[in-house]
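Topology and contacts: notes
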Amino acid sequence: MNEDDKRQRPAVTGFQVFKWSLPALAGFIVNLISMVQGWEPWFGFAAIIAGALGSLMYVGQSLGIGGD
């Protein structure tokens, strides 16, 4: 990575970090709802995992990091 690549990346702000965390937070909310409703525990845990992966993909897309 050279100096030009570093300059082209946008600065990370607190609002961006909040936006990136929304899928993970949604997963925790779904987990809480599933516990309250008495659903199977795996459903809530799967929601947390899916939310964490969604957040990770969102961060990569925002920073321009491709999986190609």
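Residues numbered from 1 in each chain as written. Predicted model: local features only at pLDDT ≥ 70, side-chain atom pairs only at ≥ 80, totals over all residues. Heavy atoms only, no water.

**Side note on the side chain of Ser-55**
Relative to the helices and strands, Ser-55 resides in helix α3 (residues 41-63). Of the polar contacts made by the side chain of Ser-55, one reaches the backbone oxygen of Trp-20; its length is 2.8 Å. When residues no more than four places from it in sequence are discounted, the contact partners of Ser-55 are Trp-20, Ser-21, Pro-23 and Ala-24. (Helix = DSSP H or I, 4+ residues; strand = E, 2+ residues; numbered from the N terminus. Polar contact = N/O pair within 3.5 Å; in protein donor to acceptor, adjacent residues only side chain to side chain. Contact = heavy atoms within 4.5 Å.)

**Here's the deal with the packing of aromatic side chains**
To describe a pair of aromatic rings, one takes the distance between the centres and the angle between the planes. Across all of its chains, the model carries 2 aromatic pairs by this definition. For the ring pair Trp-39 and Phe-43, a centre distance of 5.6 Å and an interplane angle of 85° mean the geometry is edge-to-face. Note on Trp-39: relative accessible area 46%, which makes it partly exposed. A relative accessible area of 36% places Phe-43 in the partly exposed class. (Phe/Tyr/Trp six-rings, centres within 6.5 Å; stacked < 30°, edge-to-face > 60°. Buried < 20%, exposed > 50% of the residue type's maximum accessible area, 1.4 Å probe, protein only.)

**Things to note about the packing of helix α2 (residues 14-37) against α3**
Interhelical geometry of α2 versus α3 gives an angle of 175° and a closest axis separation of 7 Å. Regarding the angle of α2 to α3, the classification is roughly antiparallel. Classifying every residue of the contact of α2 with α3 by side-chain character gives 13 nonpolar, 9 polar and 1 charged. (Axes fitted to C-alpha atoms, helices over the stretch in contact; angles between N-to-C directions. Parallel < 35°, antiparallel > 145°, perpendicular 65-115°, else oblique. Nonpolar A, V, L, I, M, F, W, Y, C, P; charged D, E, K, R; others polar.)

**Regarding α3**
Since the α-helix turns once every 3.6 residues, residues separated by three or four places project in the same direction. With 23 residues, α3 extends 34 Å from end C-alpha to end C-alpha; this agrees with the ideal 33 Å at 1.5 Å per step. The set of residues buried in α3 consists of Gly-44, Ala-47, Ile-48, Gly-51, Ser-55 and Gly-60. Turning to α3, the residues buried within the fold contact α2. Looking one or two residues beyond α3, the residue adopting positive phi is Gly-64, at roughly 75°. (Expected span 1.5 Å × (residues − 1).)

Function cannot be inferred from these measures alone, as they are strictly geometric.
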